[in-house]
Amino acid sequence: MSKVTQIAHPLILHKLAFIRDKNTGSKDFRELVEEVAMLMAYEVTRDVQMAEVEIETPICKTKCKMLAGKKLAIVPILRAGLGMVDGMLKLIPAAKVGHIGLYRDEETLQPVEYFCKLPQDIDERDIIVVDPMLATGGSAADAITLLKKKGAKNIKLMILLAAPEGIKYVMDIHPDVDIYTGAIDEELNENGYIVPGLGDAGDRLFGTK
Ligand code: PRP
Ligand code: URA
């Protein structure tokens, strides 16, 4: 059964308030999304494997813990997921990045795939799928299904704002995938937007509306 973790850290909640504010322009929106992604990466990677290594300080030899070298991949769902990649790479610079392009058909709200480019060894990597928004859950669930078809086994989903409907949908289809979110909002409106939400994440990131 998937685990849902709301990372309600004060710094994340504070920055999310600015991200939600309709008066926040694209430049600040982009910077804030990157910062929140970096803060969330700290929690999402809490259980990565460690290995003991011997190093030498200026004083003596000692044993320390370092990341075990298990390979990670960050997979943003285009477009809006792109806004979270650089923040994550600041903390995990060795991660590879795969891209899955999906857009929601405005009428049906069904995700439509238009791009997929993944690291060759995606089946050997621990994967963190990133997208600012989990609304109906259709886009995230499809992206995860695609990754599983390519052999991916260990997948986490990292979201800034999730609707209860989207969480339930992903949990039903992918009960093995843990979900990390900055906030769980109230509901979806009749157009499939998260309420209170932040509006259209892609448009706000890239200034397309
Ligand atoms: C947004 C968002 C998610 C999706 C969430 O992308 O970034 O991918 O909607 O909605 P869902 O949970 O109902 O599928 P959008 O389709 O607007 O594309 P964009 O990122 O290119 O703007
Ligand atoms: N996609 C967005 O960008 N915002 C929403 O509220 C729902 C889906």
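A quick note: this is a predicted structure, and the numbers were derived from the prediction, not measured.

Colleague: Can you help me understand the pattern of salt bridges in this one?
Modeller: Note on pairing: side chains with opposite charge can pair once their charged atoms come close. Under the definition given, this model contains 13 salt bridges. Here Arg46 and Glu43 are joined by a salt bridge, their closest N and O atoms 3.1 Å apart. Residues Asp172 and Lys168 are paired through a salt bridge, measuring 2.6 Å at the closest nitrogen-oxygen approach. Of this pair, Asp172 and Lys168 both sit in helix H5 (residues 164-173), separated by four residues, roughly a single helical turn. Ionic contacts of the salt-bridge type, sharing partners, join the residues Lys71, Asp121, Glu124 and Arg125 into one network.

Colleague: Whenever I open this one, the site of ligand 1 confuses me. Can you help?
Modeller: Near ligand 1 lie 15 residues; those nearest to it are Arg104, Asp131, Thr136, Gly137 and Ser139. Contact distances for ligand 1 include 2.9 Å between an oxygen atom and a side-chain N or O atom of Arg79. Computed on the free molecule, ligand 1 has an accessible area of 500 Å², of which 92% lies beneath the protein chains in the complex. Of all the elements in the fold, those that place two or more residues in the shell around ligand 1 are strand E6 (99-104), strand E8 (126-134) and helix H4 (138-149). Of the residues that constitute the shell around ligand 1, the class distribution is six nonpolar, five polar and four charged.

Colleague: Looking at this model, I keep getting lost on the UniProt feature "binding site: 5-phospho-alpha-D-ribose 1-diphosphate" (unreviewed entry) in the chain. Mind explaining?
Modeller: As annotated in UniProt, the feature "binding site: 5-phospho-alpha-D-ribose 1-diphosphate" (unreviewed entry) corresponds to Arg79, Arg104, Asp131, Pro132, Met133, Leu134, Ala135, Thr136, Gly137, Gly138, Ser139 and Asp200 in the numbering used here. The residue Met133 is located in strand E8 in this model. Its relative accessible area of 17% is what places Met133 among the buried residues. Not counting residues up to four positions away in its chain, the partners in contact with Met133 are Ile159, Leu161, Ile194, Leu198, Gly199 and Ala201. Its place among the elements puts Ala135 in the loop between E8 and H4. Judged by relative accessible area, Ala135 falls into the buried class, the value being 13%. Setting aside anything within four residues of it in sequence, one finds Ala135 in contact with Arg104, Ala163, Glu165, Gly166, Leu188, Gly192 and Ile194.

Colleague: Looking at this model, I keep getting lost on the site of ligand 2. Mind explaining?
Modeller: Within the structure, ligand 2 sits among Arg104, Met133, Ala135, Gly192, Tyr193, Ile194, Gly199, Asp200 and Ala201. Ile194 is positioned such that a nitrogen or oxygen atom in its backbone is 2.8 Å from an oxygen atom of ligand 2. Between ligand 2 and Gly199, the relevant distance is 2.8 Å, taken from a nitrogen atom to a main-chain nitrogen or oxygen of the residue. Surface burial for ligand 2 is 88%, taken as the share of its 240 Å² of free accessible area covered by protein chains.

Rules and cut-offs
In every chain, residue numbers begin from 1 and rise along the written sequence. As they are written, the chains are lettered A onward and the ligands numbered 1 onward, keeping that order. In keeping with the predicted nature of the model, local features appear solely for residues at pLDDT of at least 70, side-chain atom pairs appear and are counted solely at 80 or more, and the whole-chain, interface and lining totals rest on all residues. Each side-chain value is worked out from all heavy atoms of the structure, with water and hydrogens disregarded. For this analysis, a salt bridge means a side-chain nitrogen from Lys or Arg found within 4 Å of a carboxyl oxygen belonging to Asp or Glu. Secondary structure follows DSSP: runs of H or I at least 4 residues long count as helices, runs of E at least 2 residues long count as strands, and numbering of each begins at the N terminus. One heavy atom within 4 Å of a molecule or strand is enough for the residue carrying it to be called near that molecule or strand. Counted as a polar contact is a pair of N or O atoms within 3.5 Å, where, for protein atoms, one must be capable of donating a hydrogen and the other of accepting one, and residues adjacent in sequence contribute only when both atoms are in side chains. All accessible areas in this document rest on Shrake-Rupley with a 1.4 Å probe, and a residue is counted as covered only by the protein chains that are shown. The nonpolar class holds Ala, Val, Leu, Ile, Met, Phe, Trp, Tyr, Cys and Pro. Asp, Glu, Lys and Arg form the charged class, and all remaining residues, Gly among them, are polar. UniProt positions are given in the numbering used here, feature names are shortened, and annotations may be inferred rather than shown by experiment. For every residue, the accessible area (1.4 Å probe, protein chains only) is compared with the maximum for its type, and the residue is labelled buried under 20%, exposed over 50%, or partly exposed between those bounds. When checking whether two residues touch, look at their non-hydrogen atoms; a contact exists if any pair is within 4.5 Å.

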